[in-house]
Amino acid sequence: MPLGQSKTMEGSIVGVFLGTIMGCYFYSYMMGMQLLPLRIILAYSAIAAVAEATSPANMDNLVVPIVLHFSAERVQLLIPA
């Protein structure tokens, strides 16, 4: 919510972490793409949750996609499929 109160741990963990997992699977399924391994999706979800929790107020909608974009290649190198 714009100009809302402070961020909560529940929003970062439940909202972003689980939302990223469900979003990845739903998007892959709807587009007919091969599903990524669970460990890679969990890594992306953890990165998204940390980026959302540590981003400045009202900047998380910009910070999270940028962080995920620049970490995508690194995650695939560190966690082989």
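Residues numbered from 1 in each chain as written. Predicted model: local features only at pLDDT ≥ 70, side-chain atom pairs only at ≥ 80, totals over all residues. Heavy atoms only, no water.

Engineer: Any details on the layout of surface pockets? Residues and values, ideally.
Structural biologist: Of the volumes computed, that of the second largest pocket is approximately 180 Å³. Contributing to the lining of the second largest pocket are T20, C24, Y27, S28, M33, Q34, L36, I41, Y44, L68 and A72. (1 Å grid on protein atoms, 1.4 Å probe; cavity = no way out; pocket = protein on both sides within 12 Å on 5 of 7 lines; lining within 4 Å. Points joined across faces, edges and corners; volume = space filled by probe spheres on them.)

Engineer: Help me get a handle on the packing of helix α1 (residues 9-31) against helix α2 (residues 38-54), residues and values and all.
Structural biologist: Direction vectors running N to C along α1 and α2 enclose 140 degrees, while the axes themselves pass 8 Å from each other. Our classification of the angle between α1 and α2 gives oblique. In the packing of α1 onto α2, the handedness of the crossing is right-handed. Counted together, S12, V16, F17, T20, I21, C24 and Y25 of α1 and L38, I41, L42, Y44, S45, A46, A48, A49, E52 and A53 of α2 form the full contact between these two elements. (Axes fitted to C-alpha atoms, helices over the stretch in contact; angles between N-to-C directions. Helix = DSSP H or I, 4+ residues; strand = E, 2+ residues; numbered from the N terminus. Parallel < 35°, antiparallel > 145°, perpendicular 65-115°, else oblique. Left-handed = near helix turned anticlockwise from the far one by under 90°. Contact = heavy atoms within 4.5 Å.)

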